[in-house]
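# Working through the structure, step by step
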Amino acid sequence: MNRMPKAVITVSSLCAIMFFGGWLSPFPASWTFAHYLPSAILIPFGLWVIWDGIRYETIFGRIILPGLGTVITVIGVVLIAFPLVNEFIQGPFWLLGKILFFLFVYVWMRGTLPRFRYDQLMSFGWKLLLPVSLANVVITASVILLRGH
């Protein structure tokens, strides 16, 4: 099994930080439910890991998975019980969530889309993308000139 290359993690991290708000919540501050979203995600996920671990095939999984699920559930409960901890965890939670989202999209696209040969990509770039980008520059310049800005 291949491990995820460092470049994929780096690109996902930079995309989350530079273009999607980094550690900021994607929801408005007036939406109070978003403040408790880390707990609302961690508690059911931890309970699911416990349930899945109990039904696991090997004894190793029956011991490790319920223990891991218990830790995840306890973290979710601690976030509800201690508002100061919940406030502290908001930034890392949203940043990690965005990074994981972009990692998922990256792997999903690589697994779904066909892989092109180098000559096909070069042909696509020269024959389609370059003329479209030049037309975009000409149309944008014309609109700016006609509007008088």
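See the structure above.
The present account deals with the structure reproduced in this document.

## Let's talk about the packing of helix α1 (residues 6–19) against helix α4 (residues 83–112)
Helices that pack against each other are described as a pair by the angle of their axes relative to one another and the distance between those axes. Close contact between α1 and α4 brings their axes to 8 Å; oriented N to C, the two are set at 125°. Considering their axes alone, α1 and α4 lie oblique with respect to each other. Regarding α1 and α4, the two cross each other, and that crossing is right-handed. Along the contact surface, α1 presents Val8, Ile9, Ser12, Ser13, Cys15, Ala16 and Ile17, while α4 presents Leu95, Lys98, Ile99, Phe102, Leu103 and Tyr106.

## Some remarks on the pattern of salt bridges
Under the definition given, this model contains two salt bridges. With its nearest N and O atoms 3.1 Å apart, the salt bridge here joins Arg117 to Asp119.

## Quick notes on helix α3 (residues 59–81)
Taking 1.5 Å of rise per residue, 23 residues should cover 33 Å, and α3 covers 33 Å from first to last C-alpha, within 8% of that figure. Taken as a whole, α3 has its buried residues at Gly61, Pro66, Gly69, Ile72, Thr73, Gly76 and Leu79.

## As for the nonpolar core
If you look at the biggest cluster of nonpolar residues, it comprises six residues: Val8, Cys15, Ala16, Ile99, Phe102 and Leu103. Elements with a contribution of two residues or more to this core: α1 and α4. Here Phe102 is in contact with Ser12, Cys15, Ala16 and Phe20, once residues within four sequence places are set aside.

## Looking at the environment of Met18
Following the sequence through the fold, Met18 ends up in helix α1. Considering only alpha carbons, one finds Met18 and Arg117, 99 residues apart in sequence, at a separation of 31 Å.

## A closer look at a nonpolar patch on the surface
Together, Met4, Ile9, Val11, Tyr106 and Val107 make up an exposed nonpolar region whose accessible area comes to about 410 Å². For the nonpolar patch, the elements supplying multiple residues, two or more each, are α1 and α4. Mapped onto the fold, Val11 is located in helix α1. Look at Val11 and you get partly exposed, because its relative accessible area is 47%.

## Description of the environment of Arg110
Of note, Arg110 is situated in helix α4. Exposure remark for Arg110: the relative accessible area of 45% places this residue in the partly exposed category. Placed 53 residues apart in sequence, Arg110 and Glu57 show a C-alpha to C-alpha distance of 31 Å.

## Some points on the side chain of Gln90
Assignment of secondary structure puts Gln90 in helix α4. Residue Gln90 is classed as buried on the basis of its relative accessible area, which comes to 10%. Of the polar contacts made by the side chain of Gln90, one reaches the backbone oxygen of His35; its length is 2.7 Å. In this structure Gln90 touches Trp23, Ala34, His35 and Pro38, once residues within four positions along its chain are discounted.

Procedures and definitions
- Residues numbered from 1 in each chain as written.
- Predicted model: local features only at pLDDT ≥ 70, side-chain atom pairs only at ≥ 80, totals over all residues.
- Heavy atoms only, no water.
- Axes fitted to C-alpha atoms, helices over the stretch in contact; angles between N-to-C directions.
- Helix = DSSP H or I, 4+ residues; strand = E, 2+ residues; numbered from the N terminus.
- Parallel < 35°, antiparallel > 145°, perpendicular 65-115°, else oblique.
- Left-handed = near helix turned anticlockwise from the far one by under 90°.
- Contact = heavy atoms within 4.5 Å.
- Salt bridge = Lys/Arg side-chain N within 4 Å of Asp/Glu carboxyl O.
- Expected span 1.5 Å × (residues − 1).
- Buried < 20%, exposed > 50% of the residue type's maximum accessible area, 1.4 Å probe, protein only.
- Core = buried A, V, L, I, M, F, W, Y, C linked by side-chain atoms within 4.5 Å.
- Patch = residues over 30% accessible without salt bridge, like charges linked within 9 Å, V, L, I, M, F, W, Y side chains within 5 Å.
- Areas by Shrake-Rupley, 256 points an atom, 1.4 Å probe, with all protein chains shown as cover.
- Polar contact = N/O pair within 3.5 Å; in protein donor to acceptor, adjacent residues only side chain to side chain.

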